[in-house]
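Coordinate analysis (summary)
Single-letter residue listing:
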Amino acid sequence: MDRIHETIYCKYWIADGILFCLYKPIAYITLQIARNIVSSRIRFQENETFLVFCDTRGIKDSSKPARDYLAREGSTLAKALVIFDDRKLSNSMLHYYLVRNKPSVPTAIFNEREDALEFLKSNDINI
Amino acid sequence: MEIRDIERLKDIRRVIFDIAFGKLDSRVTRTDEDDIIESIAVLVNMMTEEMRETLQLYSELHIQTKPEEHIHMAFLLDLNFKILHISNDVLVELGYKAEDLLNESFSFVLSKNNMSLWRTIGSKILDDEKYDERHSLILLDKDKNERFCSCIITSLFSTGSYNQQTLVSIYEPVKQGRMLEDTGVNKRGTDENQRSKKPPNVVTNAKDRKILRSIHNHIIENLEKPLPHLPELANNFGTNEFKLKYGFKQLYGTTVFRFLKNERMRKGKVLLENTSLPIKTIAEMCGYLNPSHFSKDFREAFGVSPRGSRVVN
């Protein structure tokens, strides 16, 4: 494990060339919180592009402007991105989110951690 | 089925009826459950928000509303964020009596999911006598039904008095019945001359819309690459220039090249503000071979140079 960074909303670390982003319990993600999350992740990356693994189990609800922002800017400096969430409601919430907001890099949702990591490795292209 | 689940389903039914009546700021109250009912609650809320945004754009384009056709809810709060005064629309729209609210904390009318946000706003207000920001808050009506509101929160502070007050103001067009009235409003506002100037309707069939969405996705996935001219781009996706030009504008409210430029600028701004990459590299990542063209477009979009935007952040 190389580096770790923690904000009030997320914990970030890098392992095996993958940037892990763990969302802390957040009742309602607003646009301001979404901006903070994206900004702190990109700053943590220090100009490098990574495969990104997001554990979103802490998110309870979000506003539409926040979702739009995460979909558009959330993949900046990402080669590919996975969302890991094993809650029942995540199936609806996150699939709907991806249908309505097409991210600019390969993105998928998994409820199994191993499958998510496999997807990232299969999308590990050099940029 | 448990009584609690029946209540949750009734809440979803209430919001679906609200949607039918055009009340798109209605929300299903979220719980901490993780089951199929909660999944449907989430989907209904997300879908309502999508519809609200689409209708808002539609109404801004087509409906000229007058001040009397607006709802104005206002809460005046004291230093401890207790409610001092409320406008009449608060009573009409949220169903409270004045005595239910006066001297109550403002958090009484807020969804519990907004408590943490409200605490953050509150501490900023106490620090900043010129606080004036817009926030999306979820208010509760008398029956504890949630309602999404875009609020302007302003600190009212006069020098010479230590009595800082806060105004929470919600100003929105009357939405009730809009879906039914739309046709009427448009018919009244559209004479033959205007109709003849309208762009042709080219997104009536699903296949054309699917192609336009593919082109839209292709653009956001390839911001760093040059975009072909419209005839070639259209040809690559199995359509023609006419359908691409008018259809894209109809579907996304902007032209292909303006959309491309906006997306490139957004990407550039995020990279400038959060990385130390050279401006030349960021320009290339945004599809500009010439950094000075990037700088010119950036300044046009945000009123500040790329370097200036970086300094500010």
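Description of the structure in this document. In every chain, residue numbers begin from 1 and rise along the written sequence. To label them, take the chains in the order written and letter them from A, then take the ligands in the order written and number them from 1. At least 70 in pLDDT is required for a residue's local features to be given in this predicted model, at least 80 for side-chain atom pairs to be given and counted, and no such filter applies to totals for whole chains, interfaces and linings, which use all residues.

A count of helices and strands for chain A gives four helices and six strands. Starting at the N terminus and ending at the C terminus, chain A contains elements arranged as β-β-β-α-β-α-β-α-β-α. We call a residue exposed when 12 or fewer other C-beta atoms sit within 10 Å of its C-beta, buried when the count reaches 20 or more, and partly exposed for counts in between; the C-beta positions come from the backbone. With 127 residues in all, chain A has 46% of them scored as buried. Whether two residues are in contact depends on their C-beta atoms, placed from the backbone: they are in contact if these lie within 7 Å. A fraction of 78% describes how many contacts in chain A between residues 6 or more apart in sequence connect residues 24 or more apart. Labels follow the DSSP assignment, with helices taken as runs of H or I lasting at least four residues and strands as runs of E lasting at least two, numbered in each case from the N terminus.

Let us now look at the pairing of strand E5 (residues 78–84) of chain A. Residues and elements named next belong to chain A. Burial runs high along E5: seven of the seven residues are buried. Sheet topology places strand E4 (residues 50–55) next to E5; six bridges connect them, and they run parallel. By the bridge assignment, Phe53 is partnered in E5 with Val82. Whether a crossover is right-handed comes down to one check: with the strands pointing away from the viewer, does the path from the first strand over the helix to the second run clockwise; if it does, it is right-handed. Taken together, E4, helix H2 (residues 64–73) and E5 constitute a β-α-β crossover, and its handedness is right-handed. Note: two strands are recorded as paired if DSSP finds a minimum of 2 bridges between them. As judged from the four bridges shared by E5 and strand E6 (residues 107–110), these two strands associate in the parallel manner. If you follow Leu81 over to E6, its bridge partner there is Thr107. Viewed along the sheet, the connection from E5 through helix H3 (residues 88–100) into E6 turns out right-handed.

All right, on to the nonpolar core then. Counting residues in hydrophobic clusters, the biggest one holds 77 residues, and the most contacted among them are A:Leu19, A:Cys21, A:Ala34, A:Val52, A:Phe53, A:Cys54 and A:Val82. The residues touching A:Phe53, leaving out its near neighbours within four places in the chain, are A:Ile18, A:Leu19, A:Phe20, A:Cys21, A:Val82, A:Phe84, A:Ala116 and A:Leu120. Residues of type Ala, Val, Leu, Ile, Met, Phe, Trp, Tyr and Cys that are buried and joined through C-beta atoms within 7 Å form what is called a nonpolar core. Counting eight residues, the second-largest nonpolar core is a separate cluster that includes B:Ala234, B:Leu244, B:Phe248 and B:Val256.

On to the interface of chain B and chain A, then. Contact residues are listed per partner, giving 27 residues for chain B and 24 residues for chain A. Going through the elements one at a time, helix H2 (36–62), helix H5 (115–127), helix H8 (206–221) and helix H11 (256–274) of chain B are the ones with two or more residues in the side of chain B that touches chain A. Top contributing element to the side of chain B that touches chain A by residue count: H2(B), with eight residues. We call Asp, Glu, Lys and Arg charged. Ala, Val, Leu, Ile, Met, Phe, Trp, Tyr, Cys and Pro are nonpolar, and the rest, Gly among them, are polar. Along the lines of polarity and charge, the residues of the side of chain B that touches chain A split into eight nonpolar, nine polar and ten charged.

Residues and elements named next belong to chain A. Strand order in the open sheet formed by six strands is E1-E2-E3-E4-E5-E6, with mixed pairing between adjacent strands. In this open sheet, the two edge strands, each paired with only one partner strand, are strand E1 (4–6) and E6. Averaged over all adjacent pairs, the angle separating strand axes in this sheet is 20°, with direction ignored. Here strand E2 (residues 10–15) pairs with strand E3 (residues 18–23) via six bridges, running antiparallel. Across the sheet, residue Trp13 finds its bridge partner in E3, namely Phe20. Axis lines are fitted to C-alpha atoms, over the contacting stretch for helices. Their N-to-C directions set the angle, which ranges from 0 to 180 degrees. Of the strands in this sheet, E1, E2, E3 and E4 touch helix H1 (residues 31–45), which is tilted by about 25° from E2. Those strands touched by helix H4 (residues 113–122) are E3, E4, E5 and E6, and its axis lies near 170° from that of E5.

Our focus in this paragraph is the packing of H11(B) against helix H13 (residues 291–302) of chain B. All names here are of chain B. Axis separation between H11 and H13 bottoms out at 10 Å; the angle between their running directions is 95°. As summarised for this structure, H11 and H13 are arranged roughly perpendicular, according to the angle between their axes. Counted together, Lys261, Met265, Gly268 and Lys269 of H11 and Phe294, Asp297, Phe298, Ala301 and Phe302 of H13 form the full contact between these two elements. Broken down by class, the residue content of the contact of H11 with H13 amounts to five nonpolar, one polar and three charged. In what follows, roughly perpendicular refers to angles from 65 to 115 degrees, roughly parallel to angles under 35, roughly antiparallel to angles over 145, and oblique to any angle outside these ranges.

This part is about the packing of H8(B) against helix H10 (residues 241–252) of chain B. Packed helix pairs are characterised by how far apart their axes lie and by the angle those axes make with each other. Residue and element names in this part refer to chain B. Axis separation between H8 and H10 bottoms out at 10 Å; the angle between their running directions is 85°. Taken as axis vectors, H8 and H10 run roughly perpendicular relative to one another. Facing Asp208, Arg209, Leu212, Ile215 and His216 of H8, the residues of H10 in contact are Lys243, Leu244, Gly247, Phe248, Leu251 and Tyr252. Looking at the contact of H8 with H10, its residues break down into six nonpolar, two polar and three charged.

To continue, consider unusual backbone geometry. Notably, A:Asn47 is not glycine yet its phi reads approximately 75°, a positive angle. Along the polypeptide, A:Asn47 turns up in the loop between H1 and E4. Even without being glycine, B:Asn103 reaches a positive phi, approximately 75°. Relative to the elements of secondary structure, B:Asn103 occurs in the loop between helix H4 (98–101) and H5.

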